[in-house]
Amino acid sequence: MVSDGKFDKFIDERYESYKSGIGKDIVDGKVGFKELEKYALELDGIKNVSGRQEVLEAMLNKYILED
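Residues numbered from 1 in each chain as written. Predicted model: local features only at pLDDT ≥ 70, side-chain atom pairs only at ≥ 80, totals over all residues. Heavy atoms only, no water.

Things to note about a negative patch on the surface
Side chains of Asp-4, Asp-8, Asp-12 and Glu-16 sit close together on the surface and give a patch of like negative charge. Within the secondary structure, Asp-4 is located in the segment before α1 (6-14). (Patch = residues over 30% accessible without salt bridge, like charges linked within 9 Å, V, L, I, M, F, W, Y side chains within 5 Å. Areas by Shrake-Rupley, 256 points an atom, 1.4 Å probe, with all protein chains shown as cover. Salt bridge = Lys/Arg side-chain N within 4 Å of Asp/Glu carboxyl O. Lys, Arg positive; Asp, Glu negative; His and termini not counted. Charge placed at Lys NZ, Arg CZ, Asp CG, Glu CD. Helix = DSSP H or I, 4+ residues; strand = E, 2+ residues; numbered from the N terminus.)

Here we look at the packing of α1 against helix α4 (residues 53-66)
In the contact formed by α1 and α4, the axes pass within 11 Å of each other and the chain directions differ by 165°. As far as their axial angle goes, α4 and α1 are roughly antiparallel. Crossing of α1 over α4 shows left-handed handedness. Note on element contacts: α4 touches α1 through Val-55, Leu-56, Met-59, Leu-60 and Tyr-63, opposite Lys-6, Phe-7 and Phe-10. Classifying every residue of the contact of α1 with α4 by side-chain character gives seven nonpolar, no polar and one charged. (Axes fitted to C-alpha atoms, helices over the stretch in contact; angles between N-to-C directions. Parallel < 35°, antiparallel > 145°, perpendicular 65-115°, else oblique. Left-handed = near helix turned anticlockwise from the far one by under 90°. Contact = heavy atoms within 4.5 Å. Nonpolar A, V, L, I, M, F, W, Y, C, P; charged D, E, K, R; others polar.)

Quick word on the packing of aromatic side chains
For the coordinates displayed, the defined rule picks out two aromatic pairs. Residues Phe-7 and Tyr-63 carry aromatic rings whose centres are separated by 6.0 Å and whose planes lie at 45° to one another, so their mutual orientation is tilted. You can see Phe-7 sitting in helix α1 and its partner Tyr-63 sitting in helix α4, a full 56 residues away along the chain. This pair shows no difference in class: Phe-7 is buried, exactly as Tyr-63 is. (Phe/Tyr/Trp six-rings, centres within 6.5 Å; stacked < 30°, edge-to-face > 60°. Buried < 20%, exposed > 50% of the residue type's maximum accessible area, 1.4 Å probe, protein only.)

Quick look at a nonpolar patch on the surface
Residues Met-1, Val-2, Leu-60, Ile-64 and Leu-65 make up a contiguous nonpolar surface patch of roughly 540 Å² in combined accessible area. Relative to the helices and strands, Met-1 is located in the segment before α1. What makes Met-1 partly exposed here is its relative accessible area of 45%.

Comments concerning the pattern of salt bridges
Enumeration over the complete set of coordinates arrives at three salt bridges. Salt-bridge contacts for Asp-28 lead to Lys-24; the nearest nitrogen and oxygen are separated by 3.0 Å. The exposure class assigned to Asp-28 is partly exposed, which follows from its relative accessible area of 36%. Between Lys-38 and Glu-42 there is a salt bridge, with the nearest N and O atoms lying 2.9 Å from each other. One end of the pair is Lys-38 and the other is Glu-42, both in helix α3 (residues 33-42) and four residues apart, which spans about a single turn. Residue Lys-38 is classed as exposed on the basis of its relative accessible area of 51%.

These results come straight from atomic positions and should not be treated as a statement about function.
So, in structure tokens, the structure goes:
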């Protein structure tokens, strides 16, 4: 499960927004609630992306039940 890297790919994609921009500033502790509020209020829209939890659960179950 660890060696095939399938879960790593999901994790990298899921948290990609924390590698640059406001997400990186959050991780680095450079912004607080006031900056986040300002950022959120200035957004034109929010792109809602699925975390694909059911897919991850199915992959995990496959490892548990087949191995």
